[in-house]
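Observations on the model geometry
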Amino acid sequence: MNLHVWWTAQLGLFLVVLLAASACYAGPDPGPAGSATDAAPIMAAATATPVPAPSGSIETTPELTATTTFIPSPSTLTAESTRTRVGTTPTLLLAETPTQRPTSTPAQRNGSPGQPTTCAPSAELTFENRPPQGGTLVRLYADPPTLDPHLSDGLTSKLIIQEIFGGLLTINLDYQPVLDLAANCQINDDGTVYTFVLRDNASFHDGKPVTAHDVKWSIERAADPTTPSPTAYDFLGDIVGVVDKLEGNADEVQGVLVIDDHAVEIEIYAPDSSFLARLASEVAFVLDQDQITDDGSWLTSPNGTGPFRLGDYRPGSLIVLERNPLYHLGPSHLDSVRMILDGQDAMSMYESDAIHMTGVSLYDLPLILAPNHPFHGELHRSPPDFDVFYIGLNVAEPPFDDPRVRQALNYAIDLQSIADNVLGGRVSPARGVIPPGFPSYTDDLRSYEYNPDLARALMQGSTYGEALTSSAFPTITLTISGSTGNPVPAYLQAILEQWRQELDIEVSVQQVEWADFLQGIGQKEYQMFSLGRIAYYPDPAGFLQMFHSERPSNNTGYSSPEVDRLLDEVRVERNRERRFRIYNRVEQMVLDDAPWVWTWFSGEGYALVKPEVSGYFLTQMPVPKYRYVYFAEPPEAR
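Read on for a plain summary of the structure. (Residues numbered from 1 in each chain as written. Predicted model: local features only at pLDDT ≥ 70, side-chain atom pairs only at ≥ 80, totals over all residues. Heavy atoms only, no water.)

**Some points on the overall build of the protein**
Counting secondary structure elements, the protein contains 15 helices and 26 strands. Sequence-distant contacts, at least 24 apart, represent 72% of the contacts inside the protein between residues at least 6 apart. Accessible surface, the protein as shown: approximately 22300 Å² in total, 49% of it carbon and sulfur. (Helix = DSSP H or I, 4+ residues; strand = E, 2+ residues; numbered from the N terminus. Contact = heavy atoms within 4.5 Å. Areas by Shrake-Rupley, 256 points an atom, 1.4 Å probe, with all protein chains shown as cover.)

Have a look at this one:
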């Protein structure tokens, strides 16, 4: 699997929030909070605003504005016309004064003619007028499949890994790449060579300095075919020599050059406007090469570089993150973050003050929206994640080797009715790959609307039309994540019933545990599977490059020479508008070929957060966030 597939896309009738499972891959994300058993906490979203009263529908208005970073493509994004813009400093869950917000400090620029220019601002954090440090944030979570940054391919792992580890860059609250372990970054005139200088105080948790040798070693470990990383090709494949090493044809990555202990040079094959954002992903995180063991035992006490260190991990029970006092951007405000993995009823735990936050189910939401409800003032609303849910179709497996069958499945579903009547309006039908408000989004696509007559005509005209009335029609199995015997989510039951009624197709369901589910998708073991994808960086490449026939993240086996040609072309196109036009063409071609059955874009999410918690951001993309959280009152006053 790869980039960001994420979420098991199992939204049930009482989903607490849309599960996020991947701009990387899918992975049940307990969100800011929620039950580890239902794996459905609150929906990530760009900013959160207290809920004054029930709101109506929101019209999305995408907006792209140039930024001061080197990357010319994405920019600031507008999430919703009635809510705070993504790209400005996001609104906090609880109000803070402007001086209390974290800020980014521009890295030093070399303004001399003909000289390289800096490629990213610095991620320096500045907090003023805050109470003393301290306190433990408690929330529900789910067991991560791995804590190894180079093996991670899902959101559940990512949200913990990005707190323990770090890399040369990170993604800030404006969804832009900023310098993390690096103090300075310069790029040559043709945009192919980046030179990073490490911070003087960059160190691992045990105080050992981070060196350029650690950077090179870490990239080479991620690119080593024995690792094996599910995301190295997609995120690091532009670096000269990475693919050669991945394929076992090289012993080192030629494009990573150690200049001295504090400086490293990274060369890519061609200019790529999304490279810095991808270099901020966990597959590029720097590891302590002296600690790594082949058996993974080092992960019980990883020596990372992030704002928190792993204090305790009892699988199935508890994860504790403890403040790293040596963190190069300054220690976090919290003493620790306590993640309960075996919690049961999230709402009951919130009511009893056992946790500080939780998602809100469709059942509880109408009650809490009432102004006289005791938790009404603690309810917060967030705009949708940048995500898309789908049912993947293995195009090499009958009957999905015929595009007319794939198109028929799309036309046979009344998504709007299911969204309204089964999912309580918490989602909107997905009409493309790129979610609303995201760079390159367009509503001019020819998408699939409910048309049962056309669906039947396509099916009858397909290779398998005559076989429909006989036992010769291929059996179809939909694979979803979950434990055998668990109920199939209501929305999936509705989809299967519509296929049965409109196309006379029977689909059986098998459930596979999450880690095995991800592995099976990566190996293309399933005929049909339910999944989702979330943005890890603000560029359409993260959603559309997966349809290239040579991408490991291409989990359906889809192949189109023209799509491949356009995706190769757009990778080196530096003009933002031309890039977006090419991606729009690719998106339409993919829609027409239908390797997916499109299901949902996320809708609004709701969360309950205790009033003493401040600085918790609800973001539309997964970014490190616990470093910003603090308690409005010191522990002794609570």
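**Overview of helix 2 (residues 212-222)**
For helix 2, the buried fraction is high: 9 of the 11 residues fall into the buried class. Every buried residue of helix 2 is listed here: Ala212, Asp214, Val215, Lys216, Ser218, Ile219, Glu220, Arg221 and Ala222. Elements that come into contact with the buried residues of helix 2 comprise strand 9 (193-198), helix 3 (232-236), helix 4 (242-246), strand 10 (256-260) and strand 11 (263-267). (Buried < 20%, exposed > 50% of the residue type's maximum accessible area, 1.4 Å probe, protein only.)

**Examining the packing of aromatic side chains**
Under the counting rule described, the total for this entry stands at 22 aromatic pairs. Considering the side-chain rings of Phe547 and Trp596, the 5.2 Å spacing of their centres and the 50° angle between planes classify their relative orientation as tilted. With a gap of 49 residues between them, Phe547 in the loop between helix 13 (541-544) and helix 14 (561-571) and Trp596 in strand 22 (residues 596-598) connect regions that are remote in the sequence. Neither residue differs from the other here; Phe547 and Trp596 are each classed as buried. (Phe/Tyr/Trp six-rings, centres within 6.5 Å; stacked < 30°, edge-to-face > 60°.)

**As for the sheet that holds strand 5 (residues 136-140)**
In space, the 4 strands of this open sheet follow the order 5-14-13-12, with mixed pairing throughout. The open sheet is flanked by strand 5 and strand 12 (308-314), the only strands paired with a single partner. Strand-to-strand twist of the sheet, defined as the mean angle between neighbouring strand axes without regard to direction, takes the value 15°. Bridge analysis of strand 12 against strand 13 (residues 318-323) gives 6 bridges, and the strand direction is antiparallel. Residue pairing in the sheet places Arg309 in a bridge with Glu322 of strand 13. Helix-sheet contacts for helix 1 (residues 155-164) involve strand 12, strand 13 and strand 14 (336-340), and the interaxial angle to strand 13 is about 25°. (Pairing = 2+ DSSP bridges. Axes fitted to C-alpha atoms, helices over the stretch in contact; angles between N-to-C directions.)

**Topic: the state of the cysteines**
Disulfides are covalent bonds that connect the sulfur atoms of two cysteines. For the coordinates displayed, the defined rule picks out 1 disulfide. Shown here is the disulfide that connects Cys119 with Cys185, its sulfur atoms set 1.8 Å apart. Judged by the sign of its S-S torsion, about 115°, the bond between Cys119 and Cys185 is right-handed. Of the two residues, Cys119 sits in the loop between strand 4 (117-118) and strand 5 while Cys185 sits in strand 8 (residues 182-187), which places them 66 residues apart along the sequence. Accessibility classification places Cys119 together with Cys185 in one group, the buried group. (Disulfide = S-S within 2.5 Å.)

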